[in-house]
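# Notes for the structure review
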Amino acid sequence: MTFREWFTDFIVSYDWEPLRAVETSPYFCQIATGNVDYWLPHLEMLENAGIDNLPFSAKILDLGTWFGILPFALKQYGFTNVYATDRLSESEFKRKEFDFLWNYFDIQPYDLDILPNKTFKLDQKYDLILLLQSNFYWKTKEVFCHNGKQLTRQWQVKDAEDRTHTFFSPFDKSELEFFNNNMQEYLTPRGKAIIHPSPWVYDQDGMEETSKYLKQFQINNETTHYVLQNQVLPVVDPNNWKDKVWVNKSDKTFFVPIWRCGNTTFMNYCAYQLGFELLHKPDVTGYKGIAFVRDPRIRLVSSILMVQQNTGVTVEYILEKLSENNIFDEHLIQQTDFIKNYTITSYIDLDNYKNYQPKSRMENIIIKTLEVYTDNNSNDTSKQKVFEIVNQPQYKDIVDNYMAVDTVMFNKFGNT
Ligand SMILES: C[S@@+](CC[C@H](N)C(=O)[O-])C[C@H]1O[C@@H](n2cnc3c(N)ncnc32)[C@H](O)[C@@H]1O
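Note that the coordinates shown come from a computational prediction; the quantities given were computed from them, not determined experimentally.

## Side note on the overall build of the protein
Secondary structure assignment for the protein yields 16 helices and 17 strands. Its C-alpha atoms give the protein a radius of gyration of 28 Å, more than 25% over the compact-globule value 22 Å for 416 residues.

## Observations regarding the domain arrangement of the protein
Frequently, the measure chosen for interface size is the accessible area that the parts lose on association. Each assigned domain of the protein is listed with its residue range as follows: domain 1 (3-229) and domain 2 (238-413). Just the C-alpha atoms count here: the centres of domain 1 and domain 2 sit 44 Å apart. Of all the elements, strand β11 (residues 187-197) adds the most residues to the side of domain 1 that touches domain 2, at three residues. Grouping the constituent residues of the side of domain 1 that touches domain 2 by class yields four nonpolar, four polar and two charged.

## Digging into the nonpolar core
The biggest cluster of nonpolar side chains holds 52 residues, and the ones touching the most others in it are I129 and L131. No other element matches strand β4 (residues 126-134), which puts six residues into this core. Judged by nonpolar contacts, the second largest core, of 30 residues, contains I258, F276, A291 and M362.

## Here's the deal with the site of the ligand
Around the ligand, 15 residues are found, and the nearest of them are G64, W66, R87, I114 and Q133. Secondary-structure elements contributing two or more residues to the shell around the ligand are α6 (88-91) and β4. Top contributing element to the shell around the ligand by residue count: β4, with three residues. Its residues assigned to classes, the shell around the ligand comprises five nonpolar, six polar and four charged.

## Observations regarding the sheet that holds strand β15 (residues 277-280)
In any sheet, the strands associate via hydrogen bonds between backbone groups, in a parallel or an antiparallel arrangement. Ordered by their spatial adjacency, five strands build an open sheet running β15-β13-β14-β16-β17, and the pairing between neighbours is mixed. Two strands in the sheet have a free side with no partner beyond their single neighbour: β15 and β17 (346-349). Direction aside, neighbouring strands of the sheet carry axes that sit 30° apart on average. Pairing of strand β13 (residues 244-248) with strand β14 (residues 253-256) involves three bridges; the strand directions are antiparallel. Across the sheet, the residue bridging to V247 is F254, located in β14.

## Topic: unusual backbone geometry
With an omega of 0°, the peptide bond running from S198 to P199 counts as cis. Here P199 is to be found in the loop between β11 and α9 (208-215). Of note, the phi angle at K281 is positive, near 40°, even though the residue is not glycine. Here K281 lies in the loop between β15 and β16 (288-293). What makes K281 exposed here is the crowd of 10 C-beta atoms within 10 Å.

## Re the pairing of strand β12 (residues 226-229)
Every second residue of β12 is oriented toward a common face, the buried set being Y226 and L228 and the non-buried set V227 and Q229. Pairing analysis gives four bridges linking β11 to β12, with the strands arranged antiparallel. Looking at β12, one finds that I194 is bridged to V227.

## Focus on the packing of helix α10 (residues 263-271) against helix α14 (residues 361-373)
Relative orientation of the contacting elements α10 and α14 amounts to 115°, with a least axis distance of 10 Å. Considering how the two elements wind past one another, α10 and α14 form a crossing that is right-handed. When α10 is examined against α14, the residues T265, Y269 and C270 are found in contact with a partner set consisting of I366, T369 and Y373. When grouped by side-chain class, the residues that make up the contact of α10 with α14 number four nonpolar, two polar and no charged.

## Brief notes about the sheet that holds β12
Sheet architecture is open: six strands sit in the order β3-β2-β1-β4-β11-β12, paired in mixed fashion. Because the sheet does not close on itself, it has two edges, and the strands there are β3 (110-111) and β12. Here two bridges tie strand β2 (residues 81-86) to β3, and the two strands are oriented parallel to one another. If you follow D86 over to β3, its bridge partner there is D111. In the packing of helix α5 (residues 69-77) onto the sheet, contacts are made with β1 (59-63) and β2, and the angle to β2 comes to roughly 175°.

## Here's the deal with the pairing of β16
Looking at chain direction, β14 and β16 are connected through four bridges and run parallel. Bridge pairing in β16 links T253 to K288. Looking at chain direction, β16 and β17 are connected through four bridges and run parallel. The partner of V293 across the bridge, within β17, is D349.

The rules behind these values
- Residues numbered from 1 in each chain as written.
- Predicted model: local features only at pLDDT ≥ 70, side-chain atom pairs only at ≥ 80, totals over all residues.
- Helix = DSSP H or I, 4+ residues; strand = E, 2+ residues; numbered from the N terminus.
- Rg over C-alpha atoms; globule rule 2.2 N^0.38 Å.
- Domains from an automatic or database assignment.
- Nonpolar A, V, L, I, M, F, W, Y, C, P; charged D, E, K, R; others polar.
- Core = buried A, V, L, I, M, F, W, Y, C linked by C-beta atoms within 7 Å.
- Buried ≥ 20, exposed ≤ 12 C-beta atoms within 10 Å, placed from the backbone.
- Near = placed C-beta within 6 Å.
- Pairing = 2+ DSSP bridges.
- Axes fitted to C-alpha atoms, helices over the stretch in contact; angles between N-to-C directions.
- Left-handed = near helix turned anticlockwise from the far one by under 90°.
- Contact = placed C-beta atoms within 7 Å.

And the structure:
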């Protein structure tokens, strides 16, 4: 079930009454609970940020949570590392009520006050930081109030109809730049921050410079929120792969990279997003083990092409070396060799993953990622040529012999 589907039901069906008895404001009782309307923009932003592709172990921060409803919902849905902040000076007048709510929700928002051009510190890096419906960019200290007689620093007034009018000056381009750079430091590789300054003032007259700056972060240049993304991925030196596997300690899952079996795809699009780290000979006792495997005949063609690219030798030369059991290039190492020291519980056939039945949410996300990023249709002529040579009768025994162990593994476990 997607987060949107789950939340839409949760927000109306959860029993909020014990909380409404304490926090009696209309904002809590009528707007934020019992009705999904208030949350529709939130759900859209969360969807855009890929909430349905985040593992439950992802570290999420709701920065400026106020009541704490969203972190509570995320935890109820299944996320296990959800944190929150609040500007405690602002919520001071609600201390008693909020202590009750936060205790009930089992969240411990920590104090954070973002100020223009001032460095702020978070306690750790996060995979997803949410600043939703946020007024962090209001410079309320930069307005003066003159009532004809006196000059004050009042920034909120009530009119005769009891309507509140709020006055602020918004962060300008350089203040937002400072803030964005600061925020980016707290994103994990591939981490994201959804920044939703509310109300969106950056399309108003006089805001052109800031508006132009923000366009690069807005989706389709037009949303009233913007997304910061940490694109800096740790570079893995190809010589550094030996005896290393990807480990997700929170989900107790590991992934064994097998050369020519989608390990670059896994590194670029799954590993960091799903909270895996590359570890040398880790102890993974009791962990679930995943590997991408391939029909050895398909992989062999891909391996040969890679060896040719690296060394310039002919296909015939490679096959001759294989007949001597000479694995002279890493790309020729058999799949079984990569996994022999591990207990694999999920063998996903990389060329046929649509027929794989995911066993967990994590695997579901991996399969969805493969759908987006793998290219199974590339059937170029160089592949075809190698395929024809490999299939010549005089090489049959060499190829069969080279593939024997992998063939047994693949036939027995592929897509199980
Ligand atoms: C309108 S509430 C938003 C509540 C919640 N995020 C939501 O979407 O319903 C604004 C939140 O931002 C926090 N906040 C306001 N100004 C802030 C600032 N300058 N730095 C950090 N937090 C701030 C407030 O304490 C409050 O929790």
